[in-house]
Amino acid sequence: MKARGFTLLEMLIVIVLAGILLSIVTISVAPDDRQALAREAQRIGQLMAIAADEARIRQQPIVWEADLRGYRFVTEEAGERRLLTGDDLLRERTWERELTRLAVIDRSSAKPAQVLLGPGAPPVRVPIAREWVQPRLRLELTNDVARVAVEIDEDGRSHVALQ
């Protein structure tokens, strides 16, 4: 009668294969700080398009305000600045990792870039037009790990590039 069971070699092969699979899963699941900033930049591009739609619906301009800690969408009613709190998508947010530099470049005009380098600086303000054609913008987000640029075209479409 032949003995049943696994040989030592078969057991070692299974353990090695399991280790290789586990390392692949661990590497693919581990968070990448550069990709996190890119995802945040992509979210901003999408939220800018949503805010433009909201401005057209409300017939009221909306402003994107951002500093090195976070960003928010605001309106002005009767001269009073108000956060958009009733909309879950356009709510105030903080950056996943605080920024060290934030620049807004209006590519549609000769206006100088708005750049934030320190935490005490006033926020940059980007008006979101009610018109269907938006100004071309470039947002540059930098933290201690990565630098990302968001290009927003006249149609409100955004493209994100890691730099």
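As the structure is a computational prediction, the values presented were derived from the model and not from experiment.

Caption draft 1: Region of the structure containing the overall build of the chain. Within the chain, the regular secondary structure consists of two helices and ten strands. Starting at the N terminus and ending at the C terminus, the chain contains elements arranged as α-α-β-β-β-β-β-β-β-β-β-β. In terms of C-alpha radius of gyration, the chain reaches 24 Å, well past the compact-globule figure of 15 Å for 163 residues. Principal axes of the C-alpha set define a box for the chain whose edges measure 95 × 30 × 25 Å. Here the chain, with 163 residues, has 35% of them falling under the buried criterion. Counting contacts in the chain only where the partners sit at least 6 residues apart, residues at least 24 apart contribute 58% of the total. Carbon and sulfur atoms provide 59% of the accessible area of the chain, an area that totals close to 10400 Å².

Caption draft 2: Structural detail: the pattern of salt bridges. Summed over the entire model, instances satisfying the criterion amount to 20 salt bridges. In this structure, D53 and R56 form a salt bridge, with 2.4 Å as the shortest nitrogen-oxygen distance. Residue D53 and its partner R56 are located together in helix α2 (residues 33–58), separated by three residues, close to a single helical turn. For R101, the salt bridge is made with E140, and the minimal N-O distance between the two is 3.0 Å.

Caption draft 3: Spatial organisation of a nonpolar patch on the surface. Residues L9, I13, V16, L17, I20, L21 and I24 make up a contiguous nonpolar surface patch of roughly 690 Å² in combined accessible area. Take I13: it is sitting in helix α1 (residues 8–29). The class of I13 is partly exposed, set by a relative accessible area of 46%.

Caption draft 4: Summary view of the sheet that holds strand β8 (residues 137–142). Read across the open sheet, the five strands follow the order β6-β5-β8-β9-β10; overall the sheet is antiparallel. Edge positions in the sheet fall to β6 (114–116) and β10 (158–162), since each of these pairs with one other strand and no more. Each strand of the sheet is rotated relative to its neighbour by a mean of 10 degrees, with strand direction disregarded. In terms of strand pairing, strand β5 (residues 101–106) meets β6 through three bridges, oriented antiparallel. The residue bridging L102 from the neighbouring strand is L116, located in β6. Against the sheet, α2 makes contact with β8, β9 (147–152) and β10, and its axis sits at roughly 165 degrees relative to β10, the strand it touches most.

Caption draft 5: Highlighting the confidence of the model for the chain. With 96% of its residues at a pLDDT of 70 or more, the chain shows a mean pLDDT of 85. Summarising per-element confidence for the chain, the mean pLDDT is lowest in β6 (80) and highest in strand β4 (residues 93–94) (93).

Caption draft 6: Fine view of unusual backbone geometry. One non-glycine residue with positive phi stands out, namely Q59, at about 55 degrees. For Q59, the position within the fold is in the loop between α2 and β1 (62–66). We classify Q59 as exposed; its relative accessible area is 53%.

Caption draft 7: Structural detail: the nonpolar core. Counting residues in each nonpolar core, the largest one holds 32 residues, and the members touching the most others are M48, W64 and F73. For this core, the secondary-structure elements that each account for two or more residues are α2, β1, β2 (70–77), β5, β7 (124–128), β8 and β9. Not counting chain neighbours up to four residues away, the residues in contact with W64 comprise I44, M48, Y71, R72, F73, W95, V104, V124, R125, V126, I128 and L139.

Rules and cut-offs
- Counting restarts for each chain, with residues numbered from 1 along the sequence as it is written.
- Only residues with pLDDT of 70 or above have their local features reported here, since the model is predicted, and side-chain atom pairs are shown and tallied only from 80 upward, although totals for entire chains, interfaces and linings are computed over all residues.
- Here the side-chain values reflect all heavy atoms present in the structure, with hydrogen atoms and water set aside.
- Going along the chain from the N terminus, every DSSP run of H or I of four or more residues is numbered as a helix, and every run of E of two or more is numbered as a strand.
- When we talk radius of gyration, it's over C-alpha atoms, and the globule rule is simply 2.2 Å times the number of residues to the 0.38.
- When a residue's accessible area, from a 1.4 Å probe over protein chains only, is under 20% of the maximum for its type it is buried; when over 50% it is exposed; and in between it is partly exposed.
- By the convention used here, residues are in contact when the closest approach between their heavy atoms is within 4.5 Å.
- Note on areas: Shrake-Rupley with a 1.4 Å probe; residue coverage comes only from the protein chains shown.
- For salt bridges, the criterion is a side-chain nitrogen of Lys or Arg within 4 Å of an Asp or Glu carboxyl oxygen.
- Any residue with relative accessible area above 30% and no salt bridge may belong to a patch, with like charges joined within 9 Å and the nonpolar Val, Leu, Ile, Met, Phe, Trp and Tyr side chains within 5 Å.
- DSSP bridges decide pairing: two strands pair if at least two such bridges lie between them.
- A fitted line through C-alpha atoms represents every axis, and for helices the fit uses only the stretch in contact; the resulting angles, taken between N-to-C directions, go from 0 to 180 degrees.
- The quantity known as pLDDT measures the predictor's confidence residue by residue, on a range of 0 to 100.
- Take the buried Ala, Val, Leu, Ile, Met, Phe, Trp, Tyr and Cys residues and link them wherever side-chain atoms come within 4.5 Å; each set so joined is a nonpolar core.

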